[in-house]
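Chain by chain, the residues run as shown.
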Amino acid sequence: MAVPVAFFAVFFAYPVTAIVGRGLKAGGDWQFGRIGDVLARPDILDVLWFTTWQALASTALTLLIALPGAYVFARFDFPGKQVLRAVVTVPFVLPTVVVGTAFLALLGRGGLLDELWGVRLDTTVWAILLAHVFFNYAVVVRTVGGLWSQLDPRQEEAARVLGAGRFAAFRRVTLPALAPAVAAAALMVFLFTFTSFGVVQILGGPAYSTLEVEIYRQTAQLLDLPTAAVLTLVQFAAVGGILAVHAATVRRRERALKLVDPAQTSRRPRGPGQWALLGGVLLTALLLILLPLGVLVERSFDGPGGYGFGYYRALQSAGSGGSSTFLVPPLEAVGNSLRYALVATLIALVIGGLAAAALTRRAGRLVRGFDALLMLPLGVSAVTVGFGFLITLDKPPLDLRTSWIMVPLAQALVGVPFVVRTMLPVLRAVDDRLREAAAVLGASPLRAWREVDLPLVRRAVLVAAGFAFAVSLGEFGATVFIARPDNPTLPVAVARLLGRSGELNYGQAMALSTILMLVCAVSLLLLERIRTDRSGEF
């Protein structure tokens, strides 16, 4: 636990505490009375209510739509499965401003729905909910599907032989085994939607505001740091309470499971019911995932003189069209993002892997509290973290203002929770008697972990690496404050282009977004093709 605790203390707790402290201090004295004053305002209460209920609705809708997809990817074998698995993860790395723009083109004035049926959903909560499902579909599919693919189907078959119906067997055998993974996925979806920023700001309009949007407005537009600090504390307290309840609930349901090689559980669909389920999942992916992505690709080629590569060629120049948006050609952001994401993934795997190994032991209240602490970066304002990095990591011994490592460190903060939540259910499902047998035979704790745990969680490690890499590629909230002008990341470059008027800037933003999608899809597809050694049943 020492390394993960030190990492979070230095790069998360210290920056967040510093920025909140500046907001709540006046003349050197703490002004805690501001908390009650802010929370008594009707407009702030409306923001808190909308933030909570839209996050709950988004989580429920995501589970409802994505759980059938998790089953299909875990149990069915069909052509193009690996490609589709990579494609459904692409939305997770897109900057929120790009996703908001894509859904606005589909649901807003002049969008696809408006042209076909005269229906507009922009400035409604439905547009926000659909965009959140678009974002988080892959979280449920990969987190729940990763464990589902390793559950021995013969246990459910045995229940049916003993007289249980299909639904009863699923409810009594499979669902309890999946409960920790489902809870982990639901928690991640809730935290991301609870702190939603770009989607709500673009699609919701002035009528809807989450805590994250309000923190940004109070900080960047109204320069009201005390109110922003209070809202950050409220967000922090709410997320901490949710994580504590989640940890206590899931811990009671976790147990050792009989896991098998995923290759033994995957087969082609049988019967009209399974083929219909596969068709429904494919149709959902087409309408929910591919259609918005297709809008981005189409706009990246739709130039003033017709379809072509004009916007892509313009990315090679820093001052194309008389624009001074960049000090370097925007295309350099691709290489920057890849380098940052690789380093952030390595950091997240090391920190998250050590944390998951420590949490597997379930050694007292200290470890249980650490379990909740690891998820806090997903529920704390990225605006707060970014400002905190700027005001704390600016003097020895941690003067990182001019160092490139600041960006991967900020990205790794968001990647670590995904590594932990992906690996932990599988690690805790490993029977302790296997570790005990290795110890009896003379294996050290490190060797026992290498010989027993690692082969069983190798697939989970790959899934965790894919998530960490994808999250790092698309991280925007904190990176926008610390990325240097001569080394922008892809999301920062897209946001800069969208923030400037002109058809050329907008087209370049769509072209960079398309490149980001392709880079993510290819990277995840390569991860999917990595084969682990088959070890039969374990």
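Visitor: Summarise the confidence of the model for the protein chain; cite the residues concerned and give the values.
Guide: With 87% of its residues at a pLDDT of 70 or more, the protein chain has an overall mean of 79. Within the protein chain, helix α13 (residues 262-265) has the poorest average pLDDT of any element, 64, and helix α3 (residues 42-75) the best, 91. The model gives residues 531-538 a pLDDT under 50, and that stretch makes 22 contacts with residues more than four places away or in other chains.

Visitor: So what's going on with the nonpolar core? Which residues, and what values?
Guide: Formed by 156 residues in total, the largest nonpolar core has its most connected members in Phe-7, Phe-389 and Phe-418. In this structure, Phe-389 is in contact with Phe-11, Pro-15, Met-406, Leu-409, Ala-410, Leu-413 and Ile-482, ignoring residues within four places of it in sequence. Counting six residues, the second-largest nonpolar core is a separate cluster that includes Val-430, Ala-438, Ala-448 and Val-452.

Visitor: Before we move on, can you summarise the packing of aromatic side chains with the specific residues and values?
Guide: Scanning all chains against the criterion turns up 15 aromatic pairs. On the numbers, 5.2 Å between centres and 40° between planes, the contact of Phe-301 with Tyr-312 is tilted. Remark: Tyr-312 occurs in helix α15 (residues 310-314) and Phe-301 occurs in helix α14 (residues 271-301); sequence separation between them is 11 residues. Through successive ring pairs, a cluster of aromatic residues spans Phe-7, Phe-8, Phe-11 and Phe-12.

Visitor: Which residues make up the packing of helix α7 (residues 125-148) against α14, and what values do they have?
Guide: Relative to each other, α7 and α14 sit at 105°, their axes nearing to 11 Å. By the criterion of interaxial angle, the relationship of α7 to α14 is roughly perpendicular. Together, Leu-130, Val-133, Phe-134 and Tyr-137 of α7 and Val-281, Thr-284, Leu-288, Ile-289, Pro-292 and Leu-293 of α14 make up the contact between the two elements.

Visitor: So what's going on with the side chain of Thr-514? Residues and values would help.
Guide: Along the chain, Thr-514 falls in helix α25 (residues 503-529). Reaching out from Thr-514, the side chain makes a polar contact with the backbone oxygen of Met-510 at a distance of 2.9 Å. Excluding residues within four positions of it along the chain, Thr-514 makes contact with Leu-296, Val-297, Ser-300 and Tyr-312.

Visitor: Describe the environment of Leu-376, with residues and values.
Guide: Turning to its location among the elements, Leu-376 is positioned in helix α18 (residues 376-379). Judged by its relative accessible area of 6%, Leu-376 falls in the buried class. Through-space distance from the C-alpha of Leu-376 to that of Leu-243 is 8.1 Å; in sequence the pair is 133 residues apart. Beyond its immediate stretch of four places on either side in the chain, Leu-376 contacts Phe-12, Phe-236, Val-239, Gly-240 and Leu-243.

Visitor: Provide a residue-level description of the pattern of salt bridges, including the pertinent values.
Guide: Applying the stated criterion across every chain, the model contains one salt bridge. Here Asp-43 makes a salt bridge to Arg-41, at a shortest N to O gap of 3.1 Å. Take Asp-43: its relative accessible area is 33%, and that puts it in the partly exposed class. Classification of Arg-41 by relative accessible area gives partly exposed; the value is 27%.

Conventions we followed
Residues numbered from 1 in each chain as written. Predicted model: local features only at pLDDT ≥ 70, side-chain atom pairs only at ≥ 80, totals over all residues. Heavy atoms only, no water. pLDDT = per-residue confidence, 0-100. Helix = DSSP H or I, 4+ residues; strand = E, 2+ residues; numbered from the N terminus. Contact = heavy atoms within 4.5 Å. Core = buried A, V, L, I, M, F, W, Y, C linked by side-chain atoms within 4.5 Å. Buried < 20%, exposed > 50% of the residue type's maximum accessible area, 1.4 Å probe, protein only. Phe/Tyr/Trp six-rings, centres within 6.5 Å; stacked < 30°, edge-to-face > 60°. Axes fitted to C-alpha atoms, helices over the stretch in contact; angles between N-to-C directions. Parallel < 35°, antiparallel > 145°, perpendicular 65-115°, else oblique. Polar contact = N/O pair within 3.5 Å; in protein donor to acceptor, adjacent residues only side chain to side chain. Salt bridge = Lys/Arg side-chain N within 4 Å of Asp/Glu carboxyl O.

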